[in-house]
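Remarks on the overall topology
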Amino acid sequence: MITIIGIGSPVSGDEHGLHAVEQLAATATVQTGQPSPRWLPLERPGLNLLQAWQGADTVVLIDTLLNPQATRPVQRIELDELLQQATGLSSHDIGVAEALAMARVLGQLPPRLLIYGIAVADGKSASRDNWLQPLQQMLQDDLHAAISFSHR
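Here we summarise the structure given alongside this text.

Conventions used here
Residues numbered from 1 in each chain as written. Predicted model: local features only at pLDDT ≥ 70, side-chain atom pairs only at ≥ 80, totals over all residues. Heavy atoms only, no water. Pairing = 2+ DSSP bridges. Helix = DSSP H or I, 4+ residues; strand = E, 2+ residues; numbered from the N terminus. Axes fitted to C-alpha atoms, helices over the stretch in contact; angles between N-to-C directions. Contact = heavy atoms within 4.5 Å. Buried < 20%, exposed > 50% of the residue type's maximum accessible area, 1.4 Å probe, protein only. Polar contact = N/O pair within 3.5 Å; in protein donor to acceptor, adjacent residues only side chain to side chain. Expected span 1.5 Å × (residues − 1). Salt bridge = Lys/Arg side-chain N within 4 Å of Asp/Glu carboxyl O. Core = buried A, V, L, I, M, F, W, Y, C linked by side-chain atoms within 4.5 Å.

Further remarks concern the sheet that holds strand E6 (residues 112–120). On the basis of which strands lie adjacent, the open sheet formed by 5 strands has the order E3-E1-E4-E6-E5 and mixed pairing. A single partner strand is all that each edge strand has here, and the edge strands are strand E3 (38–43) and strand E5 (74–77). Taking each pair of neighbouring strands and ignoring which way they run, the sheet shows an average axis angle of 25°. Across the face of the sheet, helix H1 (residues 16–27) comes into contact with strand E1 (2–8), E3, strand E4 (58–66) and E6 while running at roughly 160° to E3. Where helix H4 (residues 96–106) meets the sheet, its contacts fall on E1, E4 and E6, and the angle it forms with E4 comes to roughly 150°.

Written out as structure tokens, the structure is:
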């Protein structure tokens, strides 16, 4: 089973992951014979992220990526690269990197994990017109066409 999780906060300029999962679900077509993915918009999930992906063979995480030097609107992020950003673990400030670090320590990472960042500069909002089609294409390629998307 595939679980696609959009991460963000609707009030802090960090909403792109939430919007992405809504837009992707609205434009997705699942290949015949494939189970429908779970589409989960999660606001600041912290360690609840580990529970959200339980039972999934493939997990896709989509979040806003603050990167003023980004040359592409969507970037695939490797787990080890993200884990380097994890700060010391504290129950008071657990973001995506810290939740993934904890999942690794506990042996609870999903069998396949794909992480995508929607690039924004200086906390400014990125237009959906800039990131939706590249994200759809990357997902189609990485999920081996199990899901296709119509372009609206």
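This part is about the side chain of Thr58. Mapped onto the elements, Thr58 comes out in strand E4. The buried category is assigned to Thr58, whose relative accessible area is 10%. Excluding residues within four positions of it along the chain, Thr58 makes contact with Met1, Ile2, Thr3, Arg112, Leu114 and Leu143.

With that settled, the discussion passes to H4. Three or more residues of H4 are buried, namely Val96, Ala97, Glu98, Ala99, Leu100, Ala101 and Ala103. Next to the buried residues of H4 lie E1, helix H2 (48–52), E4, helix H3 (79–83) and E6. Just beyond H4, the residue with positive phi is Gly107, at close to 70°.

It is worth spelling out the side chain of Ser9 at this point. Along the chain, the position of Ser9 falls in the loop between E1 and H1. Of note is the side chain of Ser9, whose polar atom sits 2.8 Å from the side chain of Arg44. When residues no more than four places from it in sequence are discounted, the contact partners of Ser9 are Asp14, Glu15, Leu18 and Arg44.

This part covers the environment of Asp63. Within the secondary structure, Asp63 is located in strand E4. The exposure class assigned to Asp63 is buried, which follows from its relative accessible area of 18%. Dropping the residues within four chain positions of it, Asp63 is found in contact with Ile7, Gly8, Asp14, Gly17, Val96, Tyr116, Gly117 and Ile118.

Right, let's talk about H1 for a bit. Helix length check: H1, at 12 residues, gives a terminal C-alpha distance of 16 Å against a target of 16 Å (1.5 Å per residue), a fit within 8%. Taken together, the buried positions of H1 are His16, Gly17, Leu18, Ala20, Val21, Leu24 and Thr27.

With that settled, the discussion passes to the pattern of salt bridges. Any two side chains of opposite charge can pair if their charged atoms end up close together. Summed over the entire model, instances satisfying the criterion amount to 2 salt bridges. For Arg76, the salt bridge goes to Asp142, with nearest N and O atoms at 3.4 Å. Of the two residues, Arg76 sits in strand E5 while Asp142 sits in helix H5 (residues 128–142), which places them 66 residues apart along the sequence. Note on Asp142: relative accessible area 18%, which makes it buried.

Moving on, we come to the nonpolar core. If you look at the biggest cluster of nonpolar residues, it comprises 23 residues, and the most contacted ones within it are Ile5, Leu49, Trp53, Leu61, Leu100 and Ile115. Counting residues per element, the ones that place at least two in this core are E1, H2, E4, H3, H4 and E6. If sequence neighbours within four positions are ignored, Leu49 has contacts with Ile5, Ile7, Leu42, Leu61, Val96 and Ala99. Ile4, Ala20, Val21 and Leu143 belong to the second largest nonpolar core, which has 20 residues in total.

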